[in-house]
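Residue-level structure breakdown
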Amino acid sequence: GSRLQTVMTFESLPENLRFHSTAMFVTKDEVIYVLDRNNNRILRFNPAESFEPVVVGEVPAEHEPDLWDLFVTEGGTVYVADYNQRKVLATRPGDETFTEVLECPGELHPSAILVQDRSLYVSMRKGDRGNIGGLYEYKLPPELHLE
């Protein structure tokens, strides 16, 4: 038998909750966070509660975001890499607005992120040239400890 199981299908969702997923994160409690690139938002999907995603954060379209990656801490803080704005943003549970955590230096753009032990790790690259850039660690200052 197949080990691949359908969790949900896009067609099963209301039109306003359908999404174009380019990144996702699953917590130890199996809550799924999805980066909806077309609508500049983060959806939370908890199969134990409901089969309908909940919007937990949205970057205003006027900022012309290009969301590439996300990371969710144990406390539920969601971090996103916004390639166009060259920033890493975060939102706390219950707060649908994002706070700027880091602006990338020079011409670097964030492409992948991870938070571990009060440090934000960011893979950054220069424009469309993926071989220029590197991996960086940013020590989160106390005011940015969003837990």
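What counts as what
- Every chain begins its residue count from 1, and numbering advances along the sequence as written.
- Since the coordinates come from a predicted model, pLDDT governs what is reported: local features require at least 70, and pairs of side-chain atoms require 80 or more to be given and counted, while whole-chain, interface and lining totals use all residues.
- To get the side-chain values, take all heavy atoms of the structure and skip hydrogens and water.
- Only strands joined by at least two bridges in the DSSP assignment are considered to pair.
- Numbering of helices and strands runs from the N terminus; a helix is a DSSP stretch of H or I covering at least four residues, while a strand is a stretch of E covering at least two.
- Between the N-to-C directions of two axes lies an angle of 0 to 180 degrees, each axis being a line fitted to C-alpha atoms and, for a helix, fitted only over the stretch in contact.

1. Brief notes about the pairing of strand 10 (residues 119–126)
- Looking at chain direction, strand 9 (residues 108–116) and strand 10 are connected through 8 bridges and run antiparallel. For Gln 116, the partnering residue across the bridge sits in strand 10 and is Ser 119.
- Hairpin connection of strand 9 to strand 10: 2 residues between the antiparallel strands, including Asp 117 at a positive phi of 50°.

2. A closer look at the sheet that holds strand 6 (residues 78–82)
- The strand order across the open sheet formed by 4 strands is 5-6-7-8, and the pairing between neighbours is antiparallel. Across the chains shown, the open sheet's two edge strands, defined by having one partner strand only, are strand 5 (67–72) and strand 8 (99–103). Within this sheet the neighbouring strands show an average axis-to-axis angle of 25°, counted without direction.
- By the bridge criterion, 5 bridges tie strand 5 to strand 6 in an arrangement that is antiparallel. When the sheet's bridge partners are listed, Asp 69 is paired in strand 6 with Ala 81.

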